[in-house]
Amino acid sequence: AGLMIRCGNNQIDPDATDADRKKREQNLERGDRYREMSLIDVALECIRLDGGRRPFGREDMLRAATSSATLAYVFTTNVHASIMAGYTEQADTTRPWTRNISASNFKRHTKFRLTEGGELTKHPRGGTADDAAFSDTGETYKIDRYSRKWTQDEQDMIDDNHDALSDVPREFGKGAARLRPNLCYALLLANPTMSDGTAMFHADHGNLNTSAALAVATLRDARTAMRKQTENGVILAITPRHLIVPQALEFDALTLVRSVELRDTTGSTKYGTYNPFPAQRFNVIPEVSLDIGVTDP
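Owing to the predicted nature of the structure, the values given are computational and were not obtained by experimental measurement.

How each quantity is defined
- Residues numbered from 1 in each chain as written.
- Predicted model: local features only at pLDDT ≥ 70, side-chain atom pairs only at ≥ 80, totals over all residues.
- Heavy atoms only, no water.
- Helix = DSSP H or I, 4+ residues; strand = E, 2+ residues; numbered from the N terminus.
- Buried < 20%, exposed > 50% of the residue type's maximum accessible area, 1.4 Å probe, protein only.
- Contact = heavy atoms within 4.5 Å.
- Patch = residues over 30% accessible without salt bridge, like charges linked within 9 Å, V, L, I, M, F, W, Y side chains within 5 Å.
- Areas by Shrake-Rupley, 256 points an atom, 1.4 Å probe, with all protein chains shown as cover.
- Salt bridge = Lys/Arg side-chain N within 4 Å of Asp/Glu carboxyl O.
- Core = buried A, V, L, I, M, F, W, Y, C linked by side-chain atoms within 4.5 Å.
- Polar contact = N/O pair within 3.5 Å; in protein donor to acceptor, adjacent residues only side chain to side chain.

Novice: Just to check I follow, could you spell out the side chain of Arg 170 for this structure?
Specialist: In this fold, Arg 170 is placed in helix H7 (residues 163–190). With relative accessibility at 16%, the residue Arg 170 sits in the buried group. Among all residues touching Arg 170, those that are not within four sequence positions of it are Cys 7, Gly 8, Asn 9, Ser 82, Ile 83, Ala 85, Gly 86 and Glu 89.

Here you go:
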């Protein structure tokens with residue numbers, strides 16, 4: 001706890017239970033007296049707690065400390081706290097419009113689903129029901145492992161370098177939080193080919209409009225195109241909920257969907273003063289990756 005205070009990891013989780021919060025506060029209070037200890041002092045204390053022999057010289061002490069279970073626990077606890085602090089600091093704009101699924105291994109998998117097509121037909125008097133015809137379709141995916149490491153050596157111990165236990169893991173935590181949105185937006189910007197041999201955003205899919213910038217008419221057309229999506233002649237009735245825009249268009253998007261009324265100041269086009277977009281409850285999601293691009297991890 002003293003080392004966590006020294007490294008700046010002494011925040012109390014606001015979502016913790018009363019019992020956990022009280023225990024954390026007690027530990028931090030008890031650990032406050034250790035906050036000024038150097039890493040060398042921490043190593044010596046861990047050797048003492050493990051009941052190890054008294055080391056002779058700094059080199060012998062460092063060798064004994066690195067084999068100490070207590071020191072490993074202290075460092076692991078602080079590194080974990082720093083990683084989680086960095087992870088929770090980093091925003092992730094993909095959470096509202098994505099979901100997680102599990103994979104049992106690192107092989108390539110295919111996510112299948114039944115296509116729409118369960119429309120009813122007229123049942124003739126005395127006859128039997130028509131057979132339903134379904135087919136399946138799917139997209140392939142696979143998971144990968146991502147990692148990074150750094151080394152904490154005796155020079156960091158001697159130099160009393162606490163940053164190696166706080167700043168570096170915190171940056172790793174931020175990097176872990178950025179991984180998910182980087183993967184998602186890299187995929188969107190790459191516009192990959194789907195299982196039907198056509199790009200994800202394509203005129204054949206009815207989901208591509210490059211005619212004009214974000215405005216009343218184009219947002220209307222995008223919403224209409226989504227509502228008109230069909231499969232095997234079945235109207236899917238998809239209601240748009242999220243409006244993902246570059247950071248540069250956040251102000252325009254918010255003005256467009258949250259204004260109480262729309263007015264035309266040019267006189268060339270006549271608009272009513274009723275703005276239908278707020279009723280749609282669009283969730284505006286500004287994402288800087290759409291401004292500057294993102295490297296696929």
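Novice: What exactly am I supposed to notice about a nonpolar patch on the surface here?
Specialist: Together, Met 226, Leu 236 and Ile 238 give the surface a local cluster of nonpolar side chains, amounting to about 210 Å² of exposed area. One can find Ile 238 in the loop between strand S4 (234–235) and strand S5 (242–246).

Novice: Please explain the nonpolar core as it appears in this structure.
Specialist: It is characteristic of soluble globular proteins that their nonpolar side chains tend to be buried jointly. Judged by nonpolar contacts, the single largest core of 17 residues is most densely connected at Met 61, Phe 75, Met 157 and Leu 165. When residues no more than four places from it in sequence are discounted, the contact partners of Met 61 are Ile 40, Ala 43, Leu 44, Ile 47 and Pro 55. Judged by nonpolar contacts, the second largest core, of nine residues, contains Leu 243, Val 257, Phe 277 and Val 284.

Novice: Teacher, can you tell me more about the environment of Gln 229 here?
Specialist: Looking at where Gln 229 falls in the secondary structure, it is placed in the loop between helix H8 (216–227) and strand S3 (230–231). Residues Gln 229 and Gly 206 lie 23 residues apart in sequence; the distance between their C-alpha atoms is 7.2 Å. Beyond its immediate sequence surroundings of up to four residues, Gln 229 is in contact with His 205, Gly 206, Asn 207, Val 234, Ile 235, Leu 236, Ala 237 and Ile 238. Reaching out from Gln 229, the side chain makes a polar contact with the backbone oxygen of His 205 at a distance of 2.9 Å. There is a polar contact of 3.2 Å between the side chain of Gln 229 and the backbone oxygen of Gly 206.

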